[in-house]
Amino acid sequence: MTSRSENTYMMPANNYGKLAIVIALIGILLSTFGFVKDPGQFFHSYLVAYVFWVTISLGALFFLLMHHVTGAFWSVSLRHVVESIVATIPLMAILWIPIGFGIHDLYHWSHESVMASDKLLAAKAPYLNTTFFVIRTLIYFIIWGFISYKLRSLSKRTKSNNDILSMRKVSAVGTVFYALTVSFAMFDWLMSLDPHWYSTIYGVYLFGGAYLNGIAMVILVIAALKSLNLLTTEVTSEHYQDLGKLLFGFVVFWAYISASQYFLIWYGNIPEETIWFKRRWEGTWKAFSLSMIAVGFIVPFFALMFRAAKRNLVFLSSICLLLFVAHWMDMYWNVMPGFHRGNVSLSWIDLSTMVALGGLFFWTVWRSLASRSLIPLNDPYLNKSISHKNF
Amino acid sequence: MGNPVNMTNHKPKQSADSSAGAIIEETPLIAGNHTFSSITEKISGVIEGPTPKMWWVLFSFSVSLLLILVGSVGFLIWEGTGIWGLNSPVGWGWAIVNFVFWVGIGHAGTLISAVLHLFRQKWRTSINRFAEAMTIFAVICALLFPTIHVGRIWVLYWFFPIPNQMSMWPNFRSPLLWDVFAVSIYFTVSLLFWYVGLVPDIATLRDRAKTRGKKIIYGILSLGWRGANRHWRHYELGYLILAGLSTPLVLSVHSVVSTDFATSIIPGWHTTIFPPYFVAGAIFSGFAMVMTLAIIARKAFGMEEFITVNHLEKMAKIIMVTGLMVGYAYSIEFFIAWYSGNDYERFTFINRALGPYAWAYWIMVSCNVIIPQFFWSKKLRTNVTVLFILSIFVNIGMWFERFVIITSSLSRDYLPSSWDYYSPSIWDIATFVGSFGLFFTLFLLFLRFLPMISMAEVKGVLPQADPHHPMYQKSGEAHENK
Amino acid sequence: MKTNELTYGVLAEFSNPADLMHGAEKMRDEGFKHFDCHSPFPIHGMDQAMGIKRSVLGYIVFVFGLIGAVCGFALQAWVHTKAYPLTFAGKPYFSWQAFIIVTFGLMVLAGAFAAVLGLFHLSKLPKFFDGLFYSKRFGKFSDDGFFISVDSKDLKFHDEETSRFLESIGGTNIEVIRGE
């Protein structure tokens, strides 16, 4: 067994973190200006950016949970990278606060007069009310924060089988809580934007996009580290191929779930349900919806089908960036049609909020990566992971 | 059933000390000190040896059940679907429940062969052969029910796009037609997959055959297989491609079955979570059935070294995970029914839990959600007796799930004046019981005439099958090319 | 008697997968083209050891899958817009959404048949007669035997020299396969 020293695996000083924070500050400045100018637009843009980034942290959290639950050894050398993305969860909890302030701009049901005058909404009042909404969000973040804190602190001292088994136990129970909290978070933050509409698959649908883009983020962070000549031998094209396979699988999963939702509602043709898709099929929204299918499914599906594509990091990262575009479109498509009825209407605030949150996101990831060795040096499976091969 | 020999397989796990650097020793996939040759002897021996008396007992029993099926289907065709317990609101009764039940069971085999193959789960090699066989027989049972449910089975060919003198074409926009395509394609592809897997093993039987008759039959079926690398290289890729094609197929089949219900506008049926929820339920029930059969077969044929407790434990984990997914779907459905604010949706779910079919609902919840929770305990999920009993409960629970969905929604829909309670007639019960006869007859024939475990694949997971294994390093010089 | 006999090739036995792979590498380096390794199960890395390329089966399946999908979709579109247009559930005649499932099914069906027929075709199977079946020992390949066979049509083939070469690389029970 080769011994690896801690120092050689620490990230050397670089400018990526600084760059991220500068970009974040510019984004925050512009977004603040946006907020003053047009609060309605600001809150909607902010929500799009927020769900874009929070689903990526949650996707990475799921990646980590699955890594432990399945006892996968191939991803051991990626574990610290994944954990550094998961480390953005506390940041996401803080970044939720503006949504709490924008509740009246975003959520129709938060106006008591509306609720009182609508029989259907009145029936939902025990669930859809501001106090309970905030309490639920708090619960979600406590659960996610607890799982990620627990896994991270166990990961720090991973030396033996017992540590691995205790991470597995935490993850097994954690997955159950994860499934429920993520679904309800998506019902709350996104589905209730149109309080009349409901769909049982909605949680699974957003989870699919979250996990897919969590994997994409793992690949992109690796690409960033590789650009600094790090992890040259520890993460190989064998790992890319496995990540690529997962990516391919979840491109299909996301498409399958969103198609099921669309298809059953289209076929059933009940007005109270079809209205949601009708809004996304009017004016320029129709072109937007169709291009989302192309960007999010057709192109990545054919691109990731081939073995060579999955083994080339440059190609794989460009597909990941494309998937980010699709994910942003997906979030935009979920949030905006209720606000911009009839036609897509892009605003510069959409961009500034994305940049602000993205900068903070990367800054947190980078700080977390710099805080310890890039790979779990004491993990007994590390060598097995590094030398692993696809057949 | 707890065989002491099996229990020793678990010893290595504990013996690995928890000092730094030690990895969890992987339990060997195949227990005992098997050689390539002893595997051939053991598995082919089952087919070549004399027929056990017990086999005849079980076979006669299964054939008797099969005769019940033949009788009840014969009477159905003669008399019409009026002999069943169907009534005005409940136009779909046990026949469709049984259809969905059997298709669901038919999901595990291809899942084990295809999905676990893609995920490099080598433990599948011990169970995939008979799980696939089970799949095929379960799908045959499943196909039977919609076939006889159409009433006039002599015009069954109307389902297929065959040019005819009436210039009539099937309705491709109907979920029932998608079923015809999905299930029959699934059957065909599973059969192809199974046959491809069998070819090398049939070649073994050919090479061992003593009589001329057997030589010819096995010779034809094995297509002249010579185990050449110029065969294997296409074979391996072909198998991988079939796995890649079957994976979306197996997930699509139960999704299509779910559209039979979900495309309608009946409360409790029309809900968007149905496709993935049905798929999870299918895997859940399929693995439970594989578990039940595996435990019987390993005991009956002394295959404990191939199907170890380790294998059973892994299946138990899959049952638990899919059971949790099913539980998730039940809860989300219930919550969204309330959240919708729609009176009909709310009523349907309250009616399920508290109405006339509450007994069935609670059987379903207990068997599918509560029982799998026992598998959190390692002690229970490595106890063969417990596994056997719990797997049967899951089978029962999943039958009731389909019964609850179909019957409770139909019996009380929008118009209270048309509500009615549904109960099966004797012919419903006879047909269902008889379908087990068909299933077990086919399964017993398979156990008697074909290798129940894939010899070629099990040999491939032995440590000595790997040419780069350390045991070969000392003798020869190092490889130049890896 | 001997004049009627044909020489099909030479067969040599090896004791385990590792020796078989070493043997294959040496056969490749010696320049043999028409030789093959026989084993009870597939051995990873053997293609490279023998110097043969990755199977082309994937492309065949891709093409047939595509044909299956296109034909499946065309059939449904034609039936519902031209051959037998029926209004049903208020849906348009050309309801592409509803055609996806059968299209997908036919794609998989065509792909699966292409995979199975293709893999046997590329392996030159079924082939019920082969010179190797004359050998008494060859039947062991499906149990626990590892063999290298050299076909007599290989340009480098010479029954005695090839036998000697096989022996030098570790082969045992060398057998020149002859039959009518």
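Calculation rules
- Residues numbered from 1 in each chain as written.
- Chains lettered and ligands numbered in written order.
- Predicted model: local features only at pLDDT ≥ 70, side-chain atom pairs only at ≥ 80, totals over all residues.
- Heavy atoms only, no water.
- Helix = DSSP H or I, 4+ residues; strand = E, 2+ residues; numbered from the N terminus.
- Rg over C-alpha atoms; globule rule 2.2 N^0.38 Å.
- Areas by Shrake-Rupley, 256 points an atom, 1.4 Å probe, with all protein chains shown as cover.
- Lys, Arg positive; Asp, Glu negative; His and termini not counted.
- Charge placed at Lys NZ, Arg CZ, Asp CG, Glu CD.
- Axes fitted to C-alpha atoms, helices over the stretch in contact; angles between N-to-C directions.
- Left-handed = near helix turned anticlockwise from the far one by under 90°.
- Nonpolar A, V, L, I, M, F, W, Y, C, P; charged D, E, K, R; others polar.
- Contact = heavy atoms within 4.5 Å.
- Buried area = accessible area lost by both parts, 1.4 Å probe.
- Salt bridge = Lys/Arg side-chain N within 4 Å of Asp/Glu carboxyl O.
- Polar contact = N/O pair within 3.5 Å; in protein donor to acceptor, adjacent residues only side chain to side chain.
- Buried < 20%, exposed > 50% of the residue type's maximum accessible area, 1.4 Å probe, protein only.
- Pairing = 2+ DSSP bridges.
- Core = buried A, V, L, I, M, F, W, Y, C linked by side-chain atoms within 4.5 Å.
- Domains from an automatic or database assignment.
- Phe/Tyr/Trp six-rings, centres within 6.5 Å; stacked < 30°, edge-to-face > 60°.
- Lys NZ or Arg CZ within 6 Å of the ring centre and 35° of its normal.
- Patch = residues over 30% accessible without salt bridge, like charges linked within 9 Å, V, L, I, M, F, W, Y side chains within 5 Å.
- Parallel < 35°, antiparallel > 145°, perpendicular 65-115°, else oblique.

### Digging into the overall build of chain A
Step number 1: For chain A, the helix and strand inventory stands at 18 helices and zero strands.
Step number 2: Scaling as 2.2 N^0.38, a compact globule of 391 residues should have a C-alpha radius of gyration of about 21 Å, and chain A matches this with 21 Å.
Step number 3: Taken along the three principal axes of its C-alpha coordinates, chain A extends 70 × 40 × 40 Å.
Step number 4: By element, 70% of the accessible surface of chain A is carried by carbon and sulfur atoms, the whole surface being about 15100 Å².
Step number 5: Across chain A, 28 positive and 18 negative side-chain charges occur, with their mean positions spaced 10 Å apart.

### Quick word on the packing of helix H3 (residues 57-83) of chain C against helix H4 (residues 96-122) of chain C
Residue and element names in this part refer to chain C.
Step number 1: Close contact between H3 and H4 brings their axes to 7 Å; oriented N to C, the two are set at 145°. Crossing hand, H3 versus H4: right-handed.
Step number 2: Split into classes, the residues belonging to the contact of H3 with H4 amount to 18 nonpolar, eight polar and no charged.

### A look at the interface of chain C and chain B
Step number 1: With 75 residues of chain C at the interface, the matching set in chain B holds 62 residues.
Step number 2: Of the roughly 6100 Å² buried between chain C and chain B on both sides combined, carbon and sulfur atoms contribute 68%.
Step number 3: The tally of links from chain C across to chain B stands at two salt bridges.
Step number 4: Linking aspartate 130 of chain C and arginine 226 of chain B is a salt bridge whose minimum nitrogen-to-oxygen distance equals 3.4 Å.
Step number 5: Counting the contacts that link chain C with chain B gives 22 residue pairs in polar contact (both at pLDDT 80 or more).
Step number 6: Every element with two or more residues in the side of chain C that touches chain B is listed here: helix H1 (17-30), strand S2 (35-38), helix H2 (46-50), H3 and H4 of chain C.
Step number 7: The class makeup of the residues in the side of chain C that touches chain B is 46 nonpolar, 16 polar and 13 charged.

### Observations regarding the interface of chain C and chain A
Step number 1: Counting from both sides, the interface comprises nine residues of chain C and, opposite them, eight residues of chain A.
Step number 2: Buried area between chain C and chain A, both sides added, is near 870 Å², and the carbon and sulfur share of it is 74%.
Step number 3: Three residues stand out in chain C for area buried against chain A, namely Phe62, Lys91 and Gln97 of chain C, and they jointly supply 53% of the buried area on that side.
Step number 4: Here chain C and chain A share two residue pairs in polar contact (both at pLDDT 80 or more) between them.
Step number 5: Here the side of chain C that touches chain A takes three residues from H4 of chain C, the largest share from any one element.

### Quick notes on the pairing of S2 of chain C
Every other side chain in a regular strand lies on the same face of the sheet, so the side chains alternate between the two faces.
Residue and element names in this part refer to chain C.
Step number 1: Because side chains alternate across S2, one face comprises the buried residues Phe35 and Cys37, and the other comprises Asp36 and His38, equally buried.
Step number 2: Here four bridges tie S2 to strand S3 (residues 146-151), and the two strands are oriented antiparallel to one another. For histidine 38, the partnering residue across the bridge sits in S3 and is phenylalanine 147.

### A look at the pattern of salt bridges
Step number 1: Summed over the entire model, instances satisfying the criterion amount to 22 salt bridges over all chains.
Step number 2: Each of Arg79, Glu83, Arg372 and Asp379 of chain A takes part in one network of salt bridges that share partners.

### Side note on unusual backbone geometry
The general pattern is negative phi for most residues beyond glycine and trans for most peptide bonds.
Step number 1: A cis geometry characterises the amide bond from leucine 125 of chain C onward to proline 126 of chain C, with omega recorded as -5°.
Step number 2: Inspection of the secondary structure puts proline 126 of chain C in the loop between H4 and S3.
Step number 3: Even without glycine at this site, leucine 223 of chain B takes up a positive phi of about 60°.
Step number 4: With respect to the helices and strands, leucine 223 of chain B occurs in the loop between helix H9 (212-221) and helix H10 (229-262).

### Some remarks on the nonpolar core
Step number 1: Tyr50, Trp144 and Trp189 of chain A together with Trp102 of chain B are the most contacted members of the largest nonpolar core, which has 342 residues in total.
Step number 2: Each residue touching tryptophan 189 of chain A, except ones within four places of it in the same chain, is listed here: Leu47, Tyr50, Val54, Trp96, Tyr107, Phe133, Thr137, Tyr140, Phe141 and Trp144 of chain A.

### Looking at the domain arrangement of chain C
Step number 1: Parsing chain C into structural domains produces domain 1 (6-53 + 129-179) and domain 2 (57-122).
Step number 2: A straight line from the C-alpha centre of domain 1 of chain C to that of domain 2 of chain C covers 44 Å.

### Things to note about the sheet that holds S2 of chain C
Working definition: the strands of a sheet are paired by backbone hydrogen bonds and lie parallel or antiparallel to each other.
Residue and element names in this part refer to chain C.
Step number 1: Strand order in the open sheet made by the four strands is S2-S3-S1-S4, with antiparallel pairing throughout. Each having just a single partner strand, S2 and strand S4 (172-179) make up the two edges of the open sheet. Pairs of neighbouring strands in the sheet enclose a mean axial angle of 20°, with direction left out of account.
Step number 2: For strand S1 (residues 6-14) and S4, the ladder comprises six bridges, and the chain directions are antiparallel.

### Considerations on the packing of aromatic side chains
Step number 1: Counted according to the given criterion, the structure contains 121 aromatic pairs over all chains.
Step number 2: For the pair tryptophan 53 of chain A and phenylalanine 362 of chain A, a centre-to-centre distance of 6.3 Å together with 80° between the ring planes defines the contact as edge-to-face. Of this pair, tryptophan 53 of chain A sits in helix H2 (residues 39-69) while phenylalanine 362 of chain A sits in helix H17 (residues 348-370), placing them 309 residues apart in sequence.
Step number 3: On the numbers, 5.9 Å between centres and 45° between planes, the contact of phenylalanine 261 of chain B with phenylalanine 278 of chain B is tilted. A residue pair is termed long-range when its members are at least 10 positions apart, and phenylalanine 261 of chain B in helix H10 and phenylalanine 278 of chain B in helix H11 (residues 274-300) qualify at 17 residues. Residue phenylalanine 261 of chain B shares its accessibility class with phenylalanine 278 of chain B, and that shared class is buried.
Step number 4: One residue, lysine 124 of chain A, lies across the ring of tyrosine 339 of chain B, its end atom 4.4 Å from the ring centre.
Step number 5: Directly above the ring of phenylalanine 132 of chain A sits arginine 136 of chain A, whose terminal nitrogen or CZ lies 4.4 Å from the centroid.

### Notes on the side chain of threonine 259 of chain B
Step number 1: Within the element layout of this structure, threonine 259 of chain B appears in helix H10.
Step number 2: Sequence-distant contacts of threonine 259 of chain B, defined by excluding residues within four places in its chain, comprise Phe263 and Leu264 of chain A together with Pro175 and Trp178 of chain B.

### Topic: a positive patch on the surface
Step number 1: Side chains of Lys210, Arg212, Lys214 and Lys215 of chain B sit close together on the surface and give a patch of like positive charge.
Step number 2: Here lysine 214 of chain B lies in helix H9.

### Structural notes on a nonpolar patch on the surface
Step number 1: On the surface, Trp281, Leu290, Ile293, Ile298, Phe302 and Phe306 of chain A together with Phe62, Val63, Phe64, Leu66, Ile67 and Val70 of chain C cluster together to form a nonpolar patch covering roughly 1100 Å² of accessible area.
Step number 2: Considering each element in turn, the nonpolar patch owes the most residues, six residues, to H3 of chain C.
Step number 3: Position of phenylalanine 64 of chain C among the secondary structure elements: in helix H3.

### Describing the packing of helix H13 (residues 343-354) of chain B against helix H16 (residues 384-411) of chain B
All names here are of chain B.
Step number 1: Running from N to C, H13 and H16 point in directions that differ by 120°, and their axes come no closer than 10 Å. The angle between H13 and H16 falls in the class oblique. You can see that H13 and H16 cross each other, and the crossing is right-handed. The residues of H16 that touch H13, namely those facing Thr348, Asn351 and Arg352, are Val404, Ile405, Ser408 and Ser409.
Step number 2: Counted by class, the contact of H13 with H16 contains two nonpolar, four polar and one charged residues.

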